[in-house]
Number of protein chains: 2
Amino acid sequence: MKTAGIVGLGLMGGSLARDLAAAGWRVLAADRDPAAERAATDAGVVDGPLDAAAVDALVLAVPVRSAEACLQALAPTLRPDAVVTDLGSTKRSVLRAAAGLGLAPRFVGAHPLAGHHQSGWSASRTGLFRGAPVFICPGGATPEAVERTESLWRSVGAVPRRIPAAEHDHRLARVSQLPQVAATALAATLSRDGIAPPDLGPGGRDATRLAASDPTVWTDILLDCADEVGPAIDGLVRELERIRDAIGRADAAAVAGALDEGRRWILGGSATS
Amino acid sequence: MKTAGIVGLGLMGGSLARDLAAAGWRVLAADRDPAAERAATDAGVVDGPLDAAAVDALVLAVPVRSAEACLQALAPTLRPDAVVTDLGSTKRSVLRAAAGLGLAPRFVGAHPLAGHHQSGWSASRTGLFRGAPVFICPGGATPEAVERTESLWRSVGAVPRRIPAAEHDHRLARVSQLPQVAATALAATLSRDGIAPPDLGPGGRDATRLAASDPTVWTDILLDCADEVGPAIDGLVRELERIRDAIGRADAAAVAGALDEGRRWILGGSATS
């Protein structure tokens, strides 16, 4: 039986712990909240406290800017044959941190596209990763380490998709961070204008749902890819101003063109890579 | 048996036709698309072509900037005791148009908050309005006309909520039009950056879903309340720039503050009116 060590038992780490345990792994885990550790142990998911010397695979499921400190703390006791991976939404910084600690050959960055607006152990569930794409950023890892990491993800039903870290961070700033920022800004605007969530229709609820996401997790993500998410927000502002100007000058063709462009995109789109 | 006349058999008009027929009304209807008229008749929902002289209640379910032309065409043959209402997302302009045609005493503006991103007769369904708030803007209508209109809406399960037209248009520019514009702008931004919808996770799909809305309907709505939706978009742009600046200067407290504000709003909100 292989042993996985998981740091962080939130939505993502907790769900991975559940699925790995169900897939036959022994799971050791640590969380800064003792109540989450207890709950995961009581649920029969976690077998005991994290012991880095005992694991075949170490998984960091912590806010992205805490990953380096975790690696520093655990690297000294890791077995030489253990692989290390993570679940963070940004990949360049954690690969840099792992390389700085001499872990490059066995650190394989991973990012499952399965998060949502709930958070914490109580939001974790089995099957969260089933069918979900998981981005794999090999960095300087050995082919064997990459294969072992992909195998771990396949064992919980995720679909590995290799991508260089820089390309990952560029794309995810648009795919994931930009919708988060848009929902947060929309919620703040409505809040300032005296609108409450129950005032919204189904469409408005969809558009603001992500505003409920965990602020700690997302502050880290946004700051960690500021160079990518900044220009992405600028692009969104430009689109909003284009539509606003068309409305202001009563340019029906331009307003219809913008609406039509969005509609064709969402109804016609196929994956770009 | 009372008779309703419905102009427009799209998502909203078609769904209202289904529910009124099920509630015991005789429904006469017109649509610019003969195929929609045939489908609604074949489905046993519509009893025959629209005859304004035969209806107790006339309902306009057309894009908001077509409402005036419909009223002009139908007003001369309407029975003096017929009430007239609509389903449009803006209310000041249609009330003005009705007043200009001498229909003020029996025109009652209505706006059920039940639309979504699908459109056309094929998207219509029974029960669309069940439990949905329906804004009622009496304008210059008689109390009897208001009561009869509210009774029509109650017969399909909607919950009438009286509101002056100006207040309606101010609030709805935020509750409904702003989320639509945000989703459209987000879709256009992602499209320009080479992202396709299947690249998105569940949160990104939520945030862009409204981009699929009918461009014809929404061009009318946005232009018809330009004075309200313009400032609402400006407010959203300001929020985006505030978050973008906080990210740019790596101000973790400000980024967390913005995320936290959105989260508290969406998790804590109760209706404001």
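Residues numbered from 1 in each chain as written. Chains lettered and ligands numbered in written order. Predicted model: local features only at pLDDT ≥ 70, side-chain atom pairs only at ≥ 80, totals over all residues. Heavy atoms only, no water.

Asker: Help me out: how do you make sense of the overall build of chain A in this one?
Answerer: Per the secondary structure count, chain A includes 10 helices and 8 strands. Here the C-alpha atoms of chain A give a radius of gyration of 21 Å, agreeing with the 19 Å that 2.2 N^0.38 yields for 273 residues. By principal-axis analysis of the C-alpha atoms, chain A measures approximately 65 × 40 × 30 Å. Put simply, chain A has 273 residues, and 56% of those count as buried. Restricting to contacts in chain A with at least 6 residues of sequence separation, those with at least 24 account for 70%. Seen as two clouds, the 28 positive and the 31 negative side-chain charges of chain A have centres 3 Å apart. (Helix = DSSP H or I, 4+ residues; strand = E, 2+ residues; numbered from the N terminus. Rg over C-alpha atoms; globule rule 2.2 N^0.38 Å. Buried < 20%, exposed > 50% of the residue type's maximum accessible area, 1.4 Å probe, protein only. Contact = heavy atoms within 4.5 Å. Lys, Arg positive; Asp, Glu negative; His and termini not counted. Charge placed at Lys NZ, Arg CZ, Asp CG, Glu CD.)

Asker: What exactly am I supposed to notice about the interface of chain A and chain B here?
Answerer: For interface size, the figure often reported is the accessible area lost on association. Listed as interface residues are 84 residues of chain A and, on the opposing side, 84 residues of chain B. Between chain A and chain B lies a buried interface of about 7,200 Å² when both sides are counted; carbon and sulfur atoms form 71% of it. Taken together, the links from chain A to chain B amount to 12 salt bridges. Across the pair A:R192 and B:E239 runs a salt bridge, and its minimum N-O distance is 2.3 Å. In this structure, the connection of chain A to chain B is made through 20 residue pairs in polar contact (both at pLDDT 80 or more). (Buried area = accessible area lost by both parts, 1.4 Å probe. Salt bridge = Lys/Arg side-chain N within 4 Å of Asp/Glu carboxyl O. Polar contact = N/O pair within 3.5 Å; in protein donor to acceptor, adjacent residues only side chain to side chain.)

Asker: Would you explain helix α9 (residues 226–248) of chain B in this entry?
Answerer: Think of an α-helix as turning once every 3.6 residues; residues three or four places apart then point the same way. Given a rise of 1.5 Å per residue, 23 residues ought to cover 33 Å, and the 32 Å separating the end C-alpha atoms of α9(B) matches this to within 8%. Just beyond α9(B), the residue with positive phi is B:A250, at close to 55°. (Expected span 1.5 Å × (residues − 1).)

Asker: Teacher, can you tell me more about the sheet that holds strand β1 (residues 3–7) of chain A here?
Answerer: Residues and elements named next belong to chain A. Pairing is mixed in the open sheet, where 8 strands are placed in the order β3-β2-β1-β4-β5-β6-β7-β8. Looking along the sheet, the strands with just one partner apiece sit at the ends: β3 (48–49) and β8 (159–162). Pairing of strand β7 (residues 133–137) with β8 involves 4 bridges; the strand directions are parallel. Paired with V134 across the bridge in β8 is P160. Relative to β1, helix α1 (residues 11–22) is tilted by about 165°, and along the sheet it contacts β1, β2 (26–30), β4 (57–60) and β6 (107–112). Along the sheet face, helix α5 (residues 143–154) touches β4, β5 (83–86), β6, β7 and β8 and points at about 55° away from the line of β5. (Pairing = 2+ DSSP bridges. Axes fitted to C-alpha atoms, helices over the stretch in contact; angles between N-to-C directions.)

Asker: Looking at this structure, how should I read the nonpolar core?
Answerer: One recurring pattern in soluble globular proteins: nonpolar side chains tend to sit buried together. In terms of nonpolar packing, the biggest core is built from 119 residues, with A:L240, B:L71 and B:L240 touching the most fellow members. Setting aside residues no more than four positions away along its own chain, B:L240 makes contact with A:V181, A:A182, A:A185, A:I233, A:L236, A:V237 and A:L240. (Core = buried A, V, L, I, M, F, W, Y, C linked by side-chain atoms within 4.5 Å.)

Asker: Just to check I follow, could you spell out the relation of the copies chain A and chain B for this structure?
Answerer: Mapping between the two chain copies consists of a rotation about an axis together with a translation along that axis. Rotating chain A by 180° and moving it 0.0 Å along the rotation axis overlays it on chain B with an RMSD of 0.0 Å. Viewed as a symmetry operation, the transformation between the two copies matches a two-fold axis. Across chain A, the smallest distance between a C-alpha and the rotation axis is recorded for A:A207, namely 2.1 Å. A shared binding surface is used by both copies, with 100% of the interface residues of chain A retained as interface residues in chain B. (Least-squares fit on C-alpha atoms with pLDDT ≥ 70 in both.)

Asker: What exactly am I supposed to notice about the environment of A:T90 here?
Answerer: Residues and elements named next belong to chain A. Relative to the helices and strands, T90 resides in the loop between β5 and α4 (92–100). Here the alpha-carbon distance between T90 and R192, two residues 102 residues apart in the chain, equals 31 Å. In terms of polar contacts, T90 uses its side chain to reach the side chain of D224, at 2.5 Å.

Asker: Mind showing me how you'd approach the sheet that holds strand β2 (residues 26–30) of chain B here?
Answerer: Hydrogen bonds along the backbone pair up the strands of a sheet, which may run parallel or antiparallel. Residue and element names in this part refer to chain B. Sheet architecture is open: 8 strands sit in the order β3-β2-β1-β4-β5-β6-β7-β8, paired in mixed fashion. The sheet terminates laterally at β3 (48–49) and β8 (159–162), the two strands that pair on one side only. Pairing of β2 with β3 involves 2 bridges; the strand directions are parallel. In the sheet register, A29 faces β3, and the bridge partner there is P49. In the packing of helix α1 (residues 11–22) onto the sheet, the strands contacted are β1 (3–7), β2, β4 (57–60) and β6 (107–112), and the crossing angle to β1 comes to about 165°. Taken strand by strand, helix α3 (residues 67–74) contacts β1, β4, β5 (83–86) and β6, and its axis lies near 150° from that of β4.

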